[in-house]
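# Examination of the molecular architecture
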Amino acid sequence: MSLKDFFKGLFGKDSQEPRICKKCNEEIKYSDLKANHIICPKCNAYMRMNAFERLEAICDAETFSPVDEELTSNNIINFPEYDEKLEKAKKATGLNEAVVCGTCSIGGKKTAIFVMDSAFMMASMGSVVGEKITRLFEKATTEKLPVVGFVTSGGARMQEGIISLMQMAKVSGAVKRHNDAGLLYIPVLTDPTTGGITASFGMLGDIILAEPKALIGFAGARVIEQTTGEKLPKGFQRAEFLLEHGFIDAIVDRKDLKDTLSNLLAIHAKA
Amino acid sequence: MSNLTAYEKVAAARGNKRPMGGYFIKNMIDNFVELHGDRRFGDDGAIVAGVGFLNGEPVTVIAMERGDTIEERIKRHFGCPTPEGYRKALRLMKNAEKFNRPIICFIGSSGAYCGIDAEERGQGEAIAENLYEMMGIKAPIISVIVGEGGSGGALALGVGNRVCMLENSVYSVISPEGCATILWKDATKASDAADVLKLTAQDLKEFDVIEKIVDEKDLTNEEICDNLKKYIYEEIKELKKMSTKELLDQRYEKFRKIGR
Ligand SMILES: [Zn+2]
């Protein structure tokens, strides 16, 4: 299936509309944005990519094949307003859930890939997000494939209560089994990556990459400020802060991500 | 069983006099030797860990502890572990694995320590590493929620072959106050939030997230501790009969099936 077929609900509709840069408030024509890797041409802010744009930018043409695309969330603990939130997110994104999983080639190397989409309930992790990523790691383990993951998330999904929290352990277990089979996992942390995702598969890669200035942290900055009364240092919890403190391997410009991933996959390819 | 509401259980779990990890170590473990430090940066007072005997069985114990006096509570930052606490816990779990010693984790904390320094030293990474490594530790692990099981900071000691809760303990993805603030922009509705979050031991047993509830109603702390000790000892005996592969597969499958 081609990417355009897979995303036809979205493609040609919202995604081609002009978008407003949250940093400089400029309205930007979609074609200009697309030509500039969804980076604001006026102020150079990295705007958030949707799953379609990310897959198109990273996968070799016509190689993406989705898995578990049909899985949708149920309101398992009967949480108020959750059904409505899910419906709204589905409509806005054309996706069934906050993560798209599948296989593709990157620079000619076959890989399993997952892409989280922050437009779907801040890409929070409930049981379906946890299940899809777990299944992808299990599939990659069986088929001896590396995993590349584009990570963004507000954390565990409150609306599924304890079931969401347990997904952190579940996915981490699947990442461990993939690791123990001698296989490569590269998470790419994008803006924002917080809470339970930083505290699970976001931080579990062999090589951890990040986009420039991406917000990456565990506790919310405002919560820290309120709890401790301390003034947050400049650039706190940005990718550059994590690099300086030794928690990520490299910050890669968006335009170079595909080449960097292709190169890393080639270096790790088994003879 | 008690008929406390969900939020009354939250209050009980946080109770000022409620026994925390240190109490259970003192009353359950013989010849306990506390072991300190993460060998990386420091020693976290919110996690008390060490080795000793449970009914003659050598065990490693890792316990969250907030302290009794205000001075002690400040020193232990109210039982909220720092990255060093989680790394100390993992270091001692690996030591237990080396000597094939069962591991008991006591969990009771509002959550991982929240601060600039904790972020600088990788709070997220420390928790992630524990979830990941605990899935592969080749020794039996039993996790017990004795107080408030606050989100990822609690789960970081919670990847056990058995997970058990005291009757009036709670375990949640977010605090009821935090949930109420997000849902209704009103932290005073925490009681309603506690209901919708389904965070009681009874809820979690229903979801198959935990195996066992240890009764509290009309029992003294000593009696509760004795009953818990019996449960842990019996489960250790069962888990020791498993091969390493069975032990790891059982732990993996226990979490794998949640939300399948
Ligand atoms: Zn701009």
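What you see is a predicted model, and the numbers here were worked out from it, not measured in a lab. (Residues numbered from 1 in each chain as written. Chains lettered and ligands numbered in written order. Predicted model: local features only at pLDDT ≥ 70, side-chain atom pairs only at ≥ 80, totals over all residues. Heavy atoms only, no water.)

### Describing the overall build of chain B
Heads up, the condition is: By the criteria applied, helices consist of DSSP H or I runs no shorter than four residues and strands consist of E runs no shorter than two, each listed in order from the N terminus. Our radius of gyration is a C-alpha quantity, and the globule rule it is checked against amounts to 2.2 Å times the number of residues to the power 0.38. Partly exposed residues are those whose accessible area sits between 20% and 50% of the maximum for their type, while under 20% is buried and over 50% is exposed, using a 1.4 Å probe and protein chains only. By definition in these notes, contact holds between two residues if any of their heavy atoms fall within 4.5 Å. In short, Shrake-Rupley with a 1.4 Å probe defines the accessible areas, and a residue's cover is counted only from the protein chains shown. Under this rule, positive means Lys or Arg and negative means Asp or Glu; His and the chain ends count for nothing. The atom standing in for a charge is NZ when the residue is Lys, CZ when it is Arg, CG when it is Asp and CD when it is Glu.
Along its length, chain B carries twelve helices and eight strands. Taken over C-alpha atoms, the radius of gyration comes to 17 Å for chain B, in line with the 18 Å a tight globule of 260 residues would show. Each principal axis of the C-alpha distribution contributes one length, and for chain B these read about 50 × 40 × 40 Å. For chain B, buried positions account for 60% of its 260 residues. Partitioning the intrachain contacts of chain B with sequence separation of at least 6 by distance along the chain shows that 71% fall at a separation of at least 24. Carbon together with sulfur atoms contributes 50% to the accessible area of chain B, which is approximately 10200 Å² in total. Computing the positive centroid from 37 side-chain charges and the negative centroid from 41, chain B places the two 4 Å apart.

### A short note on the coordination of the zinc ion
Residue and element names in this part refer to chain A. Defined as follows: For Na, K and Ca the donor cutoff is 3.2 Å, while for all other metals N, O and S atoms count as donors only within 2.8 Å; water does not appear among the atoms, so some sites may look incomplete. In short, tetrahedral needs four donors with all angles between 85 and 135 degrees, square planar needs four and octahedral six donors with opposite donors over 155 degrees apart and all other angles between 65 and 115, and whatever is left is irregular.
Coordination of the zinc ion by the protein comes from Cys21 (SG), Cys24 (SG), Cys40 (SG) and Cys43 (SG), over a distance range of 2.2 to 2.4 Å. Its four donor atoms give the zinc ion angles of 105 to 113 degrees at the centre, a pattern that matches the tetrahedral case. Each donor residue of the zinc ion lies on one chain, and together they are spaced C-x2-C-x15-C-x2-C. Taken together, the positions of Cys24 in the loop between β1 (19-20) and β2 (27-28) and Cys43 in the loop between α2 (30-35) and α3 (51-58) put the pair 19 residues apart, joining distant regions of the chain. Overall, Cys43 belongs to the partly exposed group, its relative accessible area being 24%.

### Here's the deal with empty space enclosed by the protein
As a reminder of what qualifies: Buriedness for pockets is judged along seven lines, at least five of which must meet protein on both sides within 12 Å for an open set on the 1 Å grid over protein atoms alone, while cavities are sets there where a 1.4 Å probe fits but cannot get out, and lining residues have an atom within 4 Å of a point. Grid points are joined across faces, edges and corners, and a volume is the space filled by probe spheres set on the points.
Enumeration according to the criterion identifies one cavity of 30 Å³ or more in this entry. Estimated volume of the largest cavity: approximately 110 Å³. As for the largest cavity, its lining consists of 15 residues, of which Ile216, Gly217 and Leu242 of chain A together with Glu119 and Gly122 of chain B are closest to the centre. Listing elements by their share of the lining of the largest cavity, those giving two or more residues are α8 (239-244) of chain A together with α6 (123-134) of chain B. It is α6 of chain B that provides the largest number of residues to the lining of the largest cavity, a total of three residues.

### Let's talk about the pairing of strand β5 (residues 141-150) of chain B
Residue and element names in this part refer to chain B. Convention followed: By definition, two strands form a pair when at least two bridges between them are found by DSSP.
Along β5, ten of the ten residues are buried, which leaves the element largely enclosed by surrounding structure. Summarising the sheet, strand β4 (residues 103-109) and β5 pair through six bridges and their orientation is parallel. Across the sheet, residue Ile103 finds its bridge partner in β5, namely Ile141. Looking at chain direction, β5 and strand β6 (residues 162-166) are connected through four bridges and run parallel. Looking at the pairing, Val144 lines up with Cys164 of β6. Where β5 and strand β7 (residues 170-172) come together, three bridges link them in parallel fashion. Across the sheet, Glu148 pairs through a bridge with Val170, a residue of β7.

### Examining the layout of surface pockets
All names here are of chain A. The condition that has to hold: In this classification, Asp, Glu, Lys and Arg are treated as charged, Ala, Val, Leu, Ile, Met, Phe, Trp, Tyr, Cys and Pro as nonpolar, and every other residue, Gly included, as polar. Domain start and stop points were drawn from an automatic or database domain assignment.
For the second largest pocket, the calculated volume is near 1100 Å³. Those elements that place two or more of their residues in the lining of the second largest pocket are β1, α4 (82-93), β5 (109-116), β6 (147-153) and β7 (185-193). Grouping the amino acids of the lining of the second largest pocket by side-chain chemistry returns 17 nonpolar, seven polar and 13 charged. When residues of the lining of the second largest pocket are assigned to domains, at least three fall in each of domain 1 (11-47) and domain 2 (49-270).

### Structural notes on the interface of chain B and chain A
Counted only if it meets this: The quantity reported as buried area is the accessible area (1.4 Å probe) lost by two parts once they are put together, taken as the sum for both. Any Lys or Arg side-chain nitrogen located within 4 Å of an Asp or Glu carboxyl oxygen qualifies as a salt bridge.
Contact residues are listed per partner, giving 45 residues for chain B and 48 residues for chain A. Taken together, the two surfaces of chain B and chain A that pack against each other cover about 4000 Å², and 73% of this comes from carbon and sulfur. Sorting the residues of chain B by area buried against chain A places Ile116, Glu119 and Tyr132 of chain B first, and these three jointly supply 19% of that buried surface. Here chain B and chain A share three salt bridges between them. Between Arg256 of chain B and Glu131 of chain A there is a salt bridge; the shortest N-O distance is 2.9 Å. It is α6 of chain B that contributes the most residues to the side of chain B that touches chain A, nine residues altogether. Among the residues forming the side of chain B that touches chain A, the class breakdown is 25 nonpolar, nine polar and eleven charged.

### Some thoughts on a nonpolar patch on the surface
All names here are of chain B. Going by this rule: Note that patches include only residues with greater than 30% relative accessible area and no salt bridge, and the join distances are 9 Å for like charges and 5 Å for nonpolar side chains (Val, Leu, Ile, Met, Phe, Trp, Tyr).
Side chains of Ile70, Ile74 and Phe78 sit close together on the surface and give an oily, nonpolar patch of about 320 Å² of accessible area. Summarising the element assignment, Phe78 is placed in the loop between α3 (70-75) and α4 (83-98). Exposure remark for Phe78: the relative accessible area of 47% places this residue in the partly exposed category.

### Points about the side chain of Arg101 of chain B
All names here are of chain B. For the record, the criterion: Under this definition, polar contacts are N or O atom pairs within 3.5 Å; protein pairs additionally need one hydrogen-donor-capable and one acceptor-capable atom, and for neighbouring residues in sequence, both atoms have to be side-chain atoms.
You can see Arg101 is positioned in the loop between α4 and β4. Buried charged residue Arg101 carries no salt bridge. Nearest counter-charge: Glu57, at 8.7 Å. Separated by 2.5 Å, the side chains of Arg101 and Asn95 make a polar contact. Arg101 has contacts with Val51, Pro58, Val59, Thr60, Asn95, Ala96 and Ala139, leaving out every residue within four places of it along the chain.

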